[in-house]
Amino acid sequence: MSETEATIEVRRQMEICNACRYCEGYCAVFPAMTLRREFTTGDLTHLANLCHSCKGCYHACQYAPPHPFGINVPETFATIRAESYAEYAWPAPMGRVFERNGTLVTLAAFLSVTLVLLLTMALQDPAILYTAQTGTGAFFRVIPYWLMVGLASLSFGYALFAMGMGAVRYWRGTAPGAGQKPITVAPVAEAALDILTLRNLGGGGHGCNDLDDSFAQTRRWFHHAMFYGFMLCFAATTTGAFYHHFMGWKSPHAFLSLPVQLGSWGGALLCLGTAGLLWVKTVTDPGPVAKRLLGGEYAMLALLFLIGATGLLLLVIRHTGAMGVMLAIHLGLVLAFFLVMPYSKMVHGVYRGLALLRNAQEKRA
Amino acid sequence: MVDFARLWDVLVVGGGNAALSAAITAAQAGASVIIAEHAPKAMRGGNSRHTRNLRALHPKPTDVLTESYLEEEYWDDLLRVTGGRTDEGLARMCIRASEHAPGFLRDCGVVFQPSLSGTLSLSRTNAFFLGGGKALVNALYRTAEKLGITILYDTEVQHIAIEDGFAREAIVSWRGFPERIRCKAIIASAGGFQANREWLREYWGDAADNFQIRGTPYAQGRVLKDMLANGVQEVGDATQFHAVANDARAPMEDGGLAMRLDCVPFSIVVNKDVERFYDEGEDVWPKRYAIWGRLIAQQRDQRAFAITDSQALHNYLPSVFPPMKADSIGELAGLLGLDAAKLEGVVAEYNAAVQPGTFHGNKLDDCRTEGLAIPKSHWARRIDQPPFYGHPLAPGITFTFLGVKVNERARVMMADGKPSGNIFASGEIMAGNILGQGYLAGFGMTIGTVFGRIAGEEASKLVRN
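Residues numbered from 1 in each chain as written. Chains lettered and ligands numbered in written order. Predicted model: local features only at pLDDT ≥ 70, side-chain atom pairs only at ≥ 80, totals over all residues. Heavy atoms only, no water.

Asks: Give me the lowdown on the overall build of chain A, citing residues and values where you can.
Replies: If you tally the helices and strands in chain A, you get 14 helices and zero strands. Computed over its C-alpha atoms, the radius of gyration of chain A comes to 22 Å, within 12% of the 21 Å expected for a compact globule of 365 residues. Projected onto its principal axes, the C-alpha coordinates of chain A cover approximately 70 × 40 × 35 Å. Here chain A holds 365 residues, and the buried ones make up 54% of them. Considering only intrachain contacts with a sequence separation of at least 6, the fraction spanning at least 24 residues in chain A is 74%. Surface summary for chain A: the accessible area is close to 15600 Å², and the carbon and sulfur share equals 71%. (Helix = DSSP H or I, 4+ residues; strand = E, 2+ residues; numbered from the N terminus. Rg over C-alpha atoms; globule rule 2.2 N^0.38 Å. Buried < 20%, exposed > 50% of the residue type's maximum accessible area, 1.4 Å probe, protein only. Contact = heavy atoms within 4.5 Å. Areas by Shrake-Rupley, 256 points an atom, 1.4 Å probe, with all protein chains shown as cover.)

Here's what the structure looks like:
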């Protein structure tokens, strides 16, 4: 990664941290830091993406503001992370959208909802949007099957590809000077466990500083709810597609069917998790927060919340005349999500996953 | 809003570990407690904010302490660093009580961690606070708040009105406004006077201007001076302090622990006149590092320089400020502002005196010199592998030893030899009772917690009668 004001600042901070080491028991960042004496921008990017922003080190820091050293690792790491998202975005010019991320995500959401509504009205008889549709294939009478699948697979496929390119560029950019070691099973398993349990947001069992200098697991649980909720929704869609193609069972499915159950629980968890994380963000001690990045974070959480909420509403009103509009809004939001995915907070999952993998590898070196 | 008309059971002066241990103990026993902390909230906690661990006796391994550490060994360690200048009764009482200090702190929400990096080699004797002293201070304040203790920040106690060994009230500056706090008992936990350069100058002259104050700038010694002027018995040597070898580029105040340089045992140390002045390899770092601040304080301009080479670089912790680096000793001397020919001579003489041995970074090894006027007894290896490194050193003071005399019930003794009616003390302000000179890593926090608890207990007992 290129040298910026933020990398120079975070290098200054890491050199103080590396001489102090009081935080060595907090998370994976500090033991990883102690493996180094000098910090390249690649090292700093790696450490920043390994940081889960639990804020434990900030509240414990004898050098935190107003101390003249002004050590604020969570804030500066968040800044470096955002810079790394921009630096490794694919295609490269798209990196710039990380500067006004809240605006981008919000605009994308409005535009794609509008687009889907307009397309629906243009392609179908507008009356279909307002009349109750029931029975097999009800959704596809509102939005044609080919359009739904076409838009979804194009946008999601693009997102996966762009994020994959970003991942490759990130992995190369943060490689230690000595070069790469082959990836083996044990570090992959450890990184996967880290991702699935968010161990680094547990503060070694007693919790993180979610709101202030008291310890809690609040953020970890909300993040889990969001993560697993998201995964359940994804599973619901996959199951639905499987039913459609291989079993010939067309949606809408019965309430107790697998896709509807996965989607309902997933949607509920997604709403709970994102609402919880939004709440934590608004009430937490602002000291260790990078305020400049909040817009994009709020926007992405709100988008995910709305996807979950409209999905649940769709389930509730799917036998009424409001189903058509709700379906268009829901799918418009999902489309927006797929489109902005490689250019939003969502990429942190990719880079943090890779940072955890690199950390697991380093520990074995 | 604070009710300054109220009569409090206990006023605790200070806001570090010793003060909070006292306040929490008194409040748990049912007393109404008010804390007057000189610092603003963000800088609260006195020197405790910069600490990291406490030394605790333990007969068997615990989850945070390895093996065992018993009274006799603890006492021997203390005896060695103090050179016998200690009150054996108080010291042994403190050592015995230290067994229960980690448990008390844990009950107050303090989290301990196993020692990870091992560079300090203290995991057997010292329990480490997860996140360090500020995390401990945060936990103690949270506990104090939960117990309903009133905490005044930005509040300096300026005078304690003492009559016949009995304190009735304290005059304080509360956010700059003069106020009175009336109370039935006072616990003084206001630290030493190390941040009061004028006072230090009384004993050290101009040298005091070059002392770096490692800890809180709020340790002005105002309460100590006031009490000594009002009939409280003095203890300890006014010229003694705990000081370490700090980076000469550290801030003059509040630089904290990370400014210390632990390269001394793996280097040779010269003063501005390019002369070695003490055996750098006398003992393992935790036991002997406390003497180096004082040694440097006695050198010209209170400066010294640790010289190492690339072989030694990874034997010690990295420093906040990068060391001077050069490809030859002569060039390094230039960077450090030293006489090049003289430094080359000192290094050559040292290298010639180094005997063959097996190097062990974490214990006393057999690498030593022979034939030097000032030997290096351990970890002596030739300094001949460029690049060479130079760390400029200055004395970094942790706390002063002059204090108020207390008895084993933490009750302050008056100059007439009688215990005060209702004044107690805990922490640095009375550490001089036990530490006549020298320092044992983590012992300050032990004294603070042990005497804090006793003071809190005794004060609450007194006010309930």
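Asks: Break down the overall build of chain B for me, citing the residues and quoting the values.
Replies: In terms of helices and strands, chain B carries 13 helices and 19 strands. Against the globule reference of 23 Å for 465 residues, chain B gives a C-alpha radius of gyration of 23 Å, in line with a compact fold. Across its three principal axes, chain B shows a C-alpha extent of roughly 70 × 50 × 40 Å. For chain B, the residues scored as buried account for 63% of the 465 residues in total. Intrachain contacts of chain B at a sequence separation of at least 6 include 72% that bridge at least 24 residues. Counting only carbon and sulfur atoms, one obtains 49% of the accessible surface of chain B, whose full area is about 16500 Å². Side chains of chain B give 49 positive and 54 negative charges; the mean places of these two sets differ by 5 Å. (Lys, Arg positive; Asp, Glu negative; His and termini not counted. Charge placed at Lys NZ, Arg CZ, Asp CG, Glu CD.)

Asks: If you had to explain the interface of chain B and chain A to someone new, which residues and values would you point to?
Replies: Much of the literature gives interface size as the accessible area that the parts lose upon coming together. Contacts between chain B and chain A engage 35 residues on the former and 26 residues on the latter. Taken together, the connections running from chain B to chain A amount to three salt bridges. The partner of R44 of chain B in a salt bridge is D213 of chain A, with the nearest N and O atoms 3.4 Å apart. Where chain B packs against chain A, one counts 19 residue pairs in polar contact (both at pLDDT 80 or more). For the side of chain B that touches chain A, the leading source of residues is helix α5 (residues 133–146) of chain B, giving five residues. (Salt bridge = Lys/Arg side-chain N within 4 Å of Asp/Glu carboxyl O. Polar contact = N/O pair within 3.5 Å; in protein donor to acceptor, adjacent residues only side chain to side chain.)

Asks: Break down the pairing of strand β7 (residues 155–163) of chain B for me, citing the residues and quoting the values.
Replies: The two faces of the sheet receive side chains in turn, since in a regular strand these alternate between them. All names here are of chain B. By the bridge criterion, eight bridges tie β7 to strand β8 (residues 166–174) in an arrangement that is antiparallel. In the strand pairing of β8, E163 is matched with F166. Between β7 and β8, which pair antiparallel in sequence order, lie two residues; one of them, D164, sits at a positive phi of approximately 50 degrees. (Pairing = 2+ DSSP bridges.)

Asks: Outline a nonpolar patch on the surface, supporting the account with residue identities and numerical values.
Replies: Taken together, the side chains of F242, F246, M247 and W249 of chain A present a nonpolar region at the surface, about 470 Å² in accessible area. Assignment of secondary structure puts M247 of chain A in helix α10 (residues 218–247). (Patch = residues over 30% accessible without salt bridge, like charges linked within 9 Å, V, L, I, M, F, W, Y side chains within 5 Å.)

Asks: So what about the nonpolar core? Which residues, and what values?
Replies: Grouped together as the largest cluster of nonpolar side chains are 115 residues, with contacts concentrated most on L78, V404, F443 and F451 of chain B. With nine residues, the top contributor of residues to this core is helix α13 (residues 443–464) of chain B. In this structure, V404 of chain B is in contact with L224, M227, L228, V232, Q233, V235, V412, A425, I429, M430 and N433 of chain B, ignoring residues within four places of it in sequence. With 84 residues, the next largest nonpolar core counts L44, A191, M300 and Y351 of chain A among its residues. (Core = buried A, V, L, I, M, F, W, Y, C linked by side-chain atoms within 4.5 Å.)

Asks: Which residues make up helix α3 (residues 88–97) of chain B, and what values do they have?
Replies: All names here are of chain B. Within α3 the residues assigned to the buried category are L90, A91, R92, M93, C94 and I95. Buried residues in α3 make contact with α2 (71–82) and α13. N-capping of α3 is provided by D87, with a side-chain oxygen placed 3.0 Å from the backbone N of G89.

Asks: Mind laying out the packing of aromatic side chains, listing which residues take part and the relevant values?
Replies: Within a pair of aromatic rings, the relevant descriptors are the distance that separates the centres and the angle that separates the planes. Residue and element names in this part refer to chain A. Using the criterion set out here, one finds 31 aromatic pairs over all chains in the structure. Measuring from ring centre to ring centre gives 5.9 Å for Y85 and F98, while their planes differ by 50 degrees; the resulting arrangement is tilted. With Y85 in helix α5 (residues 73–87) and F98 in the loop between α5 and α6 (101–123), this residue pair connects regions lying 13 residues apart in the sequence. Across the pair, exposure class does not vary: Y85 and F98 are buried alike. (Phe/Tyr/Trp six-rings, centres within 6.5 Å; stacked < 30°, edge-to-face > 60°.)

Asks: So what about helix α7 (residues 222–229) of chain B? Which residues, and what values?
Replies: Residues of α7 of chain B that are buried: V223, L224, D226, M227 and L228 of chain B. After α7 of chain B finishes, the residue G231 of chain B shows a positive phi value of roughly 95 degrees.

Asks: So what's going on with empty space enclosed by the protein? Which residues, and what values?
Replies: Residues and elements named next belong to chain A. This model, assessed by the stated rule, comprises eight cavities of 30 Å³ or more. The calculated volume of the second largest cavity comes to roughly 150 Å³. Along its surface, the second largest cavity is lined by 17 residues, and C17, C20, C23, C61 and I71 are the ones closest to its centre. Those elements that place two or more of their residues in the lining of the second largest cavity are α1 (5–20), α2 (29–34) and α4 (56–60). A class-by-class count of the residues in the lining of the second largest cavity yields 14 nonpolar, two polar and one charged. (1 Å grid on protein atoms, 1.4 Å probe; cavity = no way out; pocket = protein on both sides within 12 Å on 5 of 7 lines; lining within 4 Å. Points joined across faces, edges and corners; volume = space filled by probe spheres on them. Nonpolar A, V, L, I, M, F, W, Y, C, P; charged D, E, K, R; others polar.)

Asks: Now, about unusual backbone geometry: what can you tell me, with residues and values included?
Replies: A cis amide bond links S251 of chain A to the next residue, P252 of chain A, at an omega of -5 degrees. With omega at 0 degrees, the peptide bond leading from P386 of chain B into P387 of chain B counts as cis.

Asks: Residues and numbers for the environment of V97 of chain A, please.
Replies: Residue and element names in this part refer to chain A. As for its placement among the helices and strands, V97 is situated in the loop between α5 and α6. When the C-alpha positions of V97 and Y343 are compared, they lie 6.8 Å apart, and in sequence the two are 246 residues distant. Leaving out residues up to four positions away in the same chain, V97 has contacts with L104 and Y343.

Asks: I'd like a rundown of the packing of α1 of chain A against α5 of chain A, residues and numbers included.
Replies: Residue and element names in this part refer to chain A. At a closest axis distance of 10 Å, the pairing of α1 and α5 adopts a crossing angle of 140 degrees. Relative to α5, the element α1 is oriented oblique. For the element pair α1 and α5, the recorded crossing hand is left-handed. Here A6, T7, E9, V10, Q13, M14 and C17 of α1 lie close against α5, whose contacting residues are V73, T76, F77, T79, I80 and E83. (Axes fitted to C-alpha atoms, helices over the stretch in contact; angles between N-to-C directions. Parallel < 35°, antiparallel > 145°, perpendicular 65-115°, else oblique. Left-handed = near helix turned anticlockwise from the far one by under 90°.)

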